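# Breakdown of the fold
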Amino acid sequence: MTLASLGPRICIVGPSNSGKSTLAEAIARKCGLEPVHLDRLYHLPHTDWEPRPPDEFIALHDAAIAGERWVMDGNYSLCMPQRFRRATGVILLDISTPLSLLRYLRRTWFERDRRGALEGGRDSVKWAMIHHIAVVTPRNRKSYAEMVDGLDLPRVSLPSASAIRRCYRRWELAR
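Residues numbered from 1 in each chain as written. Predicted model: local features only at pLDDT ≥ 70, side-chain atom pairs only at ≥ 80, totals over all residues. Heavy atoms only, no water.

### As for the sheet that holds strand E5 (residues 155–158)
Stated formally: Note: two strands are recorded as paired if DSSP finds a minimum of 2 bridges between them. Segments assigned H or I by DSSP are reported as helices when at least four residues long, segments assigned E as strands when at least two residues long, and all are numbered from the N terminus. What counts as an axis is a line fitted to C-alpha atoms, over the stretch in contact for a helix, and the angles between N-to-C directions run from 0 to 180 degrees. Only heavy atoms matter for contacts: two residues are in contact if any of them lie within 4.5 Å across the pair.
The sheet built from 5 strands is open, its strands ordered E2-E3-E1-E4-E5 with parallel pairing. Strands at the two margins of the open sheet, each flanked by one partner only, are strand E2 (34–37) and E5. For this sheet the average axis-to-axis angle between neighbouring strands, irrespective of direction, equals 15°. Bridge count for E2 against strand E3 (residues 70–73) is 4 bridges, and the pairing is parallel. Paired with histidine 37 across the two strands is aspartate 73, which belongs to E3. Seen against the sheet, helix H3 (residues 54–65) touches E2 and E3 and runs at an angle of roughly 145° to E3.

In structure tokens:
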């Protein structure tokens, strides 16, 4: 599938630390789309990942999806129905749990200016996030795949880190 066939409003979903934000930024640059990182909408800036009140997040989310040209990364299943109604294409990333954990540790220890980072925030290793990646995310994998398969939208499923790398090459995306 070509990148153009996904249209001007692309959702990228998948496990934590699978590369959603990096891919969103690369697609945004290539296609002239607005990158929208849901982690930044869900969490308050200049905090240690403190969530916003739910109604505030939903309002920010809904304002973002009202735009005509965007690539949005993140899950937040509470808002997936309205996001998918506005989307013109979906990309599902699905890297392994061990790789997600490794990427989480690498980003928290070594990456200070990562794509999609919380404004004014600083990543640090949190047991709650390790639990989320190791325990919660594996259960979500199947539901994400089923959800994406059930959409009547152009979609791309990338089931491994090597499939993601091939996609970058095929679509000529710069990291």
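### Notes on the side chain of asparagine 75
Put simply, the rule reads: Burial status follows relative accessibility: with a 1.4 Å probe on protein chains alone, a residue under 20% of its type maximum counts as buried, one over 50% as exposed, and anything between as partly exposed. In the analysis that follows, any N or O atom pair within 3.5 Å is treated as a polar contact, provided that within protein one partner can donate a hydrogen and the other can accept it, and provided that, for residues neighboring in sequence, both atoms belong to side chains.
When you line up the elements, asparagine 75 lands in the loop between E3 and helix H4 (80–86). On the basis of relative accessibility, which here comes to 12%, the residue asparagine 75 falls in the buried class. Here the side chain of asparagine 75 touches glycine 14 through a polar contact of 2.6 Å, landing on its backbone oxygen. Looking at asparagine 75, its side chain comes within polar contact range of the side chain of tyrosine 144, at 3.4 Å.

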